[in-house]
Amino acid sequence: MKNKRILIASGGTGGHIFPAIVFGKNLQEQGASVSWLCGSRKLEREIYASSGITPLILPLEGSPLGTRNPAKILSRIINIFRSLLLTAKYISGFDELYLFGGYISFAPLIIAKLKRIPVTLHEQNTIAGKVTRIAERVRCAKA
């Protein structure tokens, strides 16, 4: 792990974020340079801040599938496209990407696959989430 640049994408709730923080700090102890990527929800930023981490932030507050409000659906779809562009900027120079699930993982998954950056999935839930199931279809490695 020494001298590797690792990006960990995790957002939503503590159920995704806390395992990502612990994993990333373990990689840092092994000599890796680790950055985290999350959504723009206040809770996400607070969880990272409580661990002394300043993550890269995407303009996402949830999946368009997680609401019935047409305005929110449209806004979230637009923010997915904005996040794809931002992720393309953020991801340059990283050797590996680890996805810890949640809506936040979609843009990094797509951009990493396009840029041929190795992707590893971590699914801590009994039933894999939507993005994890998509990632399995595009042949990502599993952790």
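Here the structure is shown first, and the text comes after it.
Okay, so let's go over this structure. (Residues numbered from 1 in each chain as written. Predicted model: local features only at pLDDT ≥ 70, side-chain atom pairs only at ≥ 80, totals over all residues. Heavy atoms only, no water.)

Topic: the packing of helix α3 (residues 70-90) against helix α4 (residues 106-115)
One can describe the packing of α3 onto α4 by two numbers: an axis separation of 9 Å at closest approach and a directional angle of 45°. Taken as axis vectors, α3 and α4 run oblique relative to one another. The chirality of how α3 crosses α4 is right-handed. Contacts between α3 and α4 involve Ile80, Ser83, Leu84, Thr87 and Ala88 on the former and, on the latter, Phe106, Ala107, Pro108, Ile110, Ile111 and Lys115. Of the residues in the contact of α3 with α4, the class split is eight nonpolar, two polar and one charged. (Axes fitted to C-alpha atoms, helices over the stretch in contact; angles between N-to-C directions. Helix = DSSP H or I, 4+ residues; strand = E, 2+ residues; numbered from the N terminus. Parallel < 35°, antiparallel > 145°, perpendicular 65-115°, else oblique. Left-handed = near helix turned anticlockwise from the far one by under 90°. Contact = heavy atoms within 4.5 Å. Nonpolar A, V, L, I, M, F, W, Y, C, P; charged D, E, K, R; others polar.)

Things to note about unusual backbone geometry
Phi at Asn3 is positive, roughly 70°, even though this residue is not glycine. Summarising the element assignment, Asn3 is placed in the segment before β1 (5-9). Judged by relative accessible area, which is 69%, Asn3 ranks as exposed. (Buried < 20%, exposed > 50% of the residue type's maximum accessible area, 1.4 Å probe, protein only.)

Overview of the packing of helix α1 (residues 14-29) against helix α2 (residues 42-50)
Contact geometry for α1 and α2: axes closest at 10 Å, N-to-C directions at 25°. It follows from the interaxial angle that α1 and α2 lie roughly parallel. The hand of the α1/α2 crossing is right-handed. Where α1 approaches α2, its residues Gly14, Ile17, Phe18 and Ile21 are matched on the opposing element by Glu44, Ile47 and Tyr48. Taken together, the residues of the contact of α1 with α2 break down into five nonpolar, one polar and one charged.

The values reported here are purely geometric and, on their own, carry no functional implication.
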